[in-house]
Amino acid sequence: MNTEKINTAKKQKRKYQIISVLSVCVFLLVWYLATAVFELAPSYSLPSPVKVFNTFLTKLHSKAPDGATLPKHFISSLQVAMLGYLLGAVIGVPLGIAMGWFKTVDKIVRPVFDLIKPIPPIALIPVMIVVFGISIKAKAVLIFFSTVIPCITNSYSGIRQTKQIHLWVSQTFGASNMQMLFTVASPSALPMIFAGLRVAMGSSWMALVAAELLASTSGLGYLISIGRSLLRSDLIIVGILCLGMINIVLTAIFNLVEKRFVRGGKDE
Amino acid sequence: MMKERKTVIECRNVSKTFYSMAGDNLVVDNLNFNVYENEFVVLFGPGQCGKSTILNLIAGLEKPTGGEIIVSGEKVTGPSPKRGMVYQTTNLFMWYTVMQNVEFGPKMQGVPKKVRRERAQKYIDLVGLKGFEKHFPVKLSGGMQQRVGIARAYANEPELICMDEPFGHLDAQTRYLMEEEVERISNSDRRTVVFVTNNAEEAIYLADRIILLHNCPTSVHKEYIVDLPRPRDYTSPDFLALREQITAEMDNTL
C-alpha cells in the first residue's frame, strides 16, 4: 500500500519532468523552423538556434570580437554581482532586523530609508558613473543598493510579524529582550528574510546587466551591447541565454541554502 | 486543615477593564479566590466569560485595573519564569525541534546544556514523546503538539502552571486521551495547576476543586470540592450527579 503511494508520486514527478523537457524542445523547434526552414526573419536579425549554439562554442575560447572569452565575461559579471550582493545582504538584513525590533533605530534610519527606497536602482547608474567612473566599484555600489533595499524591507516586516503569543510564551519563560530577538523574533522572520534575499538576487542581477549595457568594458551586458553595435544578433542571444541560465543555477543554489537554514516549515 | 496549606495564588478584589474606542469593557469584576500548593484547580465557566483573561492576569501578561494578585507572597507585576503557561492553540516555536522547544525555558535561565537536556528529556519521556526529540512541530499531530507544550511548561519547573483550554481544539477522542495524560502527569509530578475549561466532564475528571465563574463580567459564582477517587470514571453515578449539578448551576450564571 505504502510503496504504491510512493511510486505514484514518483511517476507524477517524472511525468512533469518529461513535460518540462518537451516544452523546451518545442520552443527550440519553433525557433529552428521559423529561422532555418521558413526564414521568416533574415538571419542577421534572428539567427537560427544552430548558429547561436556554434557562436556559443566559439565564444568559449575566442576573444573576437569583443576582447574577452565568454567565461571571462561570465566571471567578471559574477564577481561584481557577488561583491555587491553579499555586501547588501550583510548590511541590509541586520539593519532591517534592528529597525523592526528597536524603535530608536527605526526612528533614526527610516527618514533616509524612505527617501532612498522608491528610487529605481537603474536611475542611480549616471550618478555612480560620475562618482566612481566605469569601474567595478560603480557597479558594486549599484548592486549594493538594489540588494540592500529588499533586504531591509523584508527583514523589517518579518520581525514585525512575530506572533504576540510567541513573545508571550518566551516572556513567561523569563527571556530577556535580546534573547527574544535572537531565539524567537529572528528565527520566525527567517522565511521572510529569505524571500527578501531572493527578490534582491533578481533585482541586483537586473541592475548589473543594465549598468554593463550602459557603461562597461567587460561582463555579459557588455557582450550584449557589443553584439548590438556590430549587428551580431547571435552574440546578443548567446549573452541573453547565458544570463537566463546563470539565474537558474543561482536560484538552485539559493534553494539549497534556504532549505538548510529555514527549518521546521510554516505555522498553520 | 485548609489553614495548614500554603497559599500559592491569592486574588484580591481583582478587576480588569479593557479600554477601547468602542467603550470600556469590564471583563473581570471583583474576583476573589485562593489556590493552594499542589492543588489542581479548574476555572470553569461559559465561553467568552473572561477565563483566559484571568490566566493572563495571573501570568502577568496583562495588568489588573483594580485589586491585586499575589503569587507565593509576591505581587504580580509582569511575566515570570515561576509561572508557566500552556495555551489554547498550539504555539510551539515552529523553527525549533521538540527538544529545543522543551529546553527553551531552562535555556533562557542559563541552565548549562547538559543539565537542561537531561531535564527536557525527563519531561519529553513523561508526556510520552520519546523518540520524537528531533522532530519539528509541523510533523506532529495536534495532540502531540499540545503534549510538547505541556512538557515545555513543566521543563521550566515553575511553581505554578496555568493551562488555558489546552484541549479545546482537539477532537473528542484525543481529548479524552489527553485528559488521562494530564491526570497521569500531575500524579507523577505534582504541581500547582490552574486549568481553564468550558467542558464540565473535563473539569470534574481533573479537578481537586472547581471554581464556577459568572458570565462576563466574571467573578466567582460557586466552588465545588471534588473528592471522587482518582482516576475518575466518566460514567460513575457520583460523577454524573456532580456533572448534572454543575451544568444546572452553570445555566444560572448566564
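Here, every reference points to the structure presented above.
Residues numbered from 1 in each chain as written. Chains lettered and ligands numbered in written order. Predicted model: local features only at pLDDT ≥ 70, side-chain atom pairs only at ≥ 80, totals over all residues. Heavy atoms only, no water.

What follows concerns a nonpolar patch on the surface. Residues and elements named next belong to chain A. A grouping of Leu29, Tyr32, Leu33, Val37, Phe38, Leu40 and Val50 is seen on the molecular surface, where their side chains present a nonpolar patch of about 680 Å² in accessible area. Mapped onto the secondary structure, Val37 falls in helix α1 (residues 2-37). Classification of Val37 as partly exposed rests on a relative accessible area of 46%. (Patch = residues over 30% accessible without salt bridge, like charges linked within 9 Å, V, L, I, M, F, W, Y side chains within 5 Å. Areas by Shrake-Rupley, 256 points an atom, 1.4 Å probe, with all protein chains shown as cover. Salt bridge = Lys/Arg side-chain N within 4 Å of Asp/Glu carboxyl O. Helix = DSSP H or I, 4+ residues; strand = E, 2+ residues; numbered from the N terminus. Buried < 20%, exposed > 50% of the residue type's maximum accessible area, 1.4 Å probe, protein only.)

All names here are of chain A. The calculated volume of the second largest pocket comes to roughly 300 Å³. Lining the second largest pocket are Val24, Phe27, Leu28, Trp31, Pro49, Val52, Phe53, Phe56, Val238, Leu241, Cys242 and Met245. Looking at the lining of the second largest pocket, the elements with two or more residues in it are α1, α2 (49-59) and α10 (233-261). For the lining of the second largest pocket, the domains that each give at least three residues are domain 1 (1-40) and domain 2 (49-262). (1 Å grid on protein atoms, 1.4 Å probe; cavity = no way out; pocket = protein on both sides within 12 Å on 5 of 7 lines; lining within 4 Å. Points joined across faces, edges and corners; volume = space filled by probe spheres on them. Domains from an automatic or database assignment.)

The next thing to look at is the side chain of A:Thr172. By the element assignment, A:Thr172 lies in helix α7 (residues 164-172). For A:Thr172, a relative accessible area of 1% translates into the label buried. In this structure the side chain of A:Thr172 is engaged in a polar contact, spanning 2.7 Å, whose partner is the backbone oxygen of A:Val169. In this structure A:Thr172 touches B:Leu61, B:Pro79, B:Ser80, B:Pro81, B:Arg83, B:Met85, B:Tyr87 and B:Asn156, once residues within four positions along its chain are discounted. (Polar contact = N/O pair within 3.5 Å; in protein donor to acceptor, adjacent residues only side chain to side chain. Contact = heavy atoms within 4.5 Å.)

On to helix α9 (residues 220-229) of chain A. Residue and element names in this part refer to chain A. Within α9, eight of the 10 residues are buried, which leaves the element mostly enclosed by the surrounding structure. Among the residues of α9, those classed as buried are Leu220, Gly221, Tyr222, Leu223, Ile224, Ser225, Ile226 and Gly227. In the core, the buried residues of α9 are packed alongside α2, α3 (70-101), α8 (177-214) and α10. Within two residues after α9, Leu231 carries a phi angle of roughly 60°, on the positive side.

The next thing to look at is the sheet that holds strand β4 (residues 66-71) of chain B. Residue and element names in this part refer to chain B. Reading across the sheet, the four strands line up as β2-β1-β4-β5 and stay open at both edges, with antiparallel pairing between neighbours. Looking along the sheet, the strands with just one partner apiece sit at the ends: β2 (23-36) and β5 (74-75). Where strand β1 (residues 7-20) lies against β4, five bridges are found, and the strand directions are antiparallel. Looking at β4, one finds that Ser15 is bridged to Gly66. (Pairing = 2+ DSSP bridges.)

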